[in-house]
Amino acid sequence: MRSNFQSTIATSQFCLPVSVVLGVLSWLFLPVKDTYAWCEPDYGLWSFVPLSVQTGSLGLLSGIFFTSLVTYLMVEFCNAMVLLNTNSRMLSCTLIIIMSLSLCLHRLQPSHVVMLASLISFFALFSSYQNESPELSFVAHLTISAASLVCPKIIMLTPFIFLVQLYVNCLSFRTFFASLMAIIVPYWFFFVCAVCKDDIGMFTDFFRVMVDFSVPDYSVVMTEQWLMGLNIVVFFVAGCVNYLFTTSKSRTRQRMVFNTFMMHGLISLLLFLVMPNCVNVIMGMLAIDASILCGRFWVLSNNRFTHVFFVILGLFSLVILSVTVNM
């Protein structure tokens, strides 16, 4: 095995275009079931999205569109935050690979909205590093609050966003009250719409779902979802372990970003324990965390062990994909 095998792939200018082509092919030709359903009461206003947009060919095309938006935003985020000390698109490529392997995330669903909102929120948060900007704090919380309209329990991430604000030194009285306003605004519009439709019950039912934490029912998670989720977790854990052993390779501000995404991933796993019925949304969030940490792994670690692990992880992912396709 050539000593630069892994780094050649990770730093190649063709890495992103090839990943995009492979990703599109997987979306178009791999069989995707329409039975990856979710419990509608737990997904708020998503019930108003026409079923025709979520299933069939239109559902796949919509999924490609939203995944493309998330990938583009990931490229811009990595460039703006200078997450790597070398020219590489591996973080975005890893996201494409993970999404391509996760067949249950191919069709349009709430997970795509939450992924897009999460990345925008983190973009605003880290852009406000040591900058008490009410505007950026407003955007960071507004996107999460808006995403909670299609997955109400995602609002539980709000305390974590406040902690990140403290971590990046951008929390003050002004930014705190701007954040509170951002959290309220989507619900205020939702309330107005409910009143205009003369259906205030829709509004109250939404909040009833938000605070309803019944005994978790893991039987709602399909076998294919367990396998695809396991694949994402392996990517995430590999990235975390490598990061903890190689933190010195990243500068202070870079470490703040990686630490935040590592904590966000751990929180996502905890959320799965209490709300398994939102498994697809949690898989989407964890895919972002895994792609950032594992992408860093591939770019900054280059030795015989990582070369072997690179191949083993690839084979493991292909086995998981093969099993899920044939189930």
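Residues numbered from 1 in each chain as written. Predicted model: local features only at pLDDT ≥ 70, side-chain atom pairs only at ≥ 80, totals over all residues. Heavy atoms only, no water.

Participant: Where do I start with the overall build of the chain in this structure?
Facilitator: Helix and strand content of the chain: 14 helices and 0 strands. Traced from its N-terminal end to its C-terminal end, the chain shows the element sequence α-α-α-α-α-α-α-α-α-α-α-α-α-α. A compact globule built from 327 residues should have a C-alpha radius of gyration of about 20 Å, and the chain, at 20 Å, falls within 12% of that. Principal-axis analysis of the C-alpha atoms places the extent of the chain at approximately 70 × 50 × 35 Å. When burial is assessed residue by residue, the chain has 53% of its 327 residues classed as buried. Nonlocal contacts in the chain, meaning residues at least 24 apart in sequence, comprise 81% of its contacts between residues at least 6 apart. Accessible surface computed for the chain: about 14,700 Å², of which carbon and sulfur atoms make up 71%. The chain carries 14 positive and 13 negative side-chain charges, and their two centres are separated by 19 Å. (Helix = DSSP H or I, 4+ residues; strand = E, 2+ residues; numbered from the N terminus. Rg over C-alpha atoms; globule rule 2.2 N^0.38 Å. Buried < 20%, exposed > 50% of the residue type's maximum accessible area, 1.4 Å probe, protein only. Contact = heavy atoms within 4.5 Å. Areas by Shrake-Rupley, 256 points an atom, 1.4 Å probe, with all protein chains shown as cover. Lys, Arg positive; Asp, Glu negative; His and termini not counted. Charge placed at Lys NZ, Arg CZ, Asp CG, Glu CD.)

Participant: Looking at this model, I keep getting lost on a nonpolar patch on the surface. Mind explaining?
Facilitator: The grouping of F14, V18, V20, V21, L22, V24, L25, L28, F29, L58 and L61 at the surface amounts to a nonpolar patch, some 1,000 Å² of accessible area in total. Counting residues per element, the ones that place at least two in the nonpolar patch are helix 2 (15-29) and helix 4 (56-81). It is helix 2 that contributes the most residues to the nonpolar patch, 8 residues altogether. Mapped onto the secondary structure, L22 falls in helix 2. (Patch = residues over 30% accessible without salt bridge, like charges linked within 9 Å, V, L, I, M, F, W, Y side chains within 5 Å. Salt bridge = Lys/Arg side-chain N within 4 Å of Asp/Glu carboxyl O.)

Participant: Please clarify how the environment of S47 should be interpreted in this entry.
Facilitator: Tracing the sequence through the fold places S47 in the loop between helix 2 and helix 3 (51-54). For S47, a relative accessible area of 41% puts it in the partly exposed group. Through-space distance from the C-alpha of S47 to that of V150 is 8.3 Å; in sequence the pair is 103 residues apart.

Participant: Explanation requested: helix 10 (residues 200-210) in the structure shown.
Facilitator: Along an α-helix, residues three or four apart share an orientation, since each turn contains 3.6 residues. Along helix 10, the residues classified as buried are M202, F203, F206, V209 and M210. Buried residues along helix 10 cover an arc of 125° about the axis, so they all sit on one side. (Arc of directions from axis to C-beta.)

Participant: How do you make sense of the packing of helix 2 against helix 5 (residues 90-101) when you look at a structure like this?
Facilitator: A pair of packed helices can be characterised by two numbers: the angle between their axes and the separation between those axes. Contact geometry of helix 2 with helix 5 gives a least axis separation of 9 Å together with a crossing angle of 15°. Relative to helix 5, the element helix 2 lies roughly parallel. In the crossing of helix 2 with helix 5, the sense of the turn from one axis to the other is left-handed. Contact residues: C15, L16, S19, V20, G23, S26 and W27 in helix 2; M90, S92, C93, I96, M99 and S100 in helix 5. (Axes fitted to C-alpha atoms, helices over the stretch in contact; angles between N-to-C directions. Parallel < 35°, antiparallel > 145°, perpendicular 65-115°, else oblique. Left-handed = near helix turned anticlockwise from the far one by under 90°.)

Participant: Quick question: what am I supposed to make of the nonpolar core here?
Facilitator: A general tendency of soluble globular proteins is for nonpolar side chains to be buried together. Core analysis: the biggest nonpolar cluster contains 88 residues, and F77, L83, M90, F126, I154, F261 and I292 have the highest contact counts within it. A total of 16 residues in this core trace back to one element, the largest contributor, which is helix 13 (residues 279-300). With near-sequence residues (within four places) excluded, F126 lies in contact with F77, M81, V164, V168, R253, M256, V257, T260 and F261. Grouped together as the second largest cluster of nonpolar side chains are 11 residues, L149, I155, F190 and F206 included. (Core = buried A, V, L, I, M, F, W, Y, C linked by side-chain atoms within 4.5 Å.)

Participant: I keep staring at the packing of helix 6 (residues 110-127) against helix 12 (residues 252-274) and nothing clicks. Help me out?
Facilitator: Closest axis-to-axis distance for the helix 6/helix 12 pair is 12 Å, and the angle between their directions is 145°. Considering how the two elements wind past one another, helix 6 and helix 12 form a crossing that is right-handed. From helix 6, F122, F126 and S127 reach across to helix 12, where they touch R253, M256, V257, T260, F261 and H264. Within the contact of helix 6 with helix 12, the residues separate by chemical class into 5 nonpolar, 3 polar and 1 charged. (Nonpolar A, V, L, I, M, F, W, Y, C, P; charged D, E, K, R; others polar.)

Participant: So what exactly am I meant to see when it comes to unusual backbone geometry here?
Facilitator: When glycine is set aside, most residues are seen to have a negative phi, and most peptide bonds are trans. The phi dihedral of Q130 is positive, around 55°, even though this residue is not glycine. Structurally, Q130 can be placed in the loop between helix 6 and helix 7 (134-147). Positive phi is not limited to glycine here, since N169 has a value of about 60°. Note that N169 resides in the loop between helix 8 (158-167) and helix 9 (173-196). Residue N169 is classed as partly exposed on the basis of its relative accessible area of 44%.

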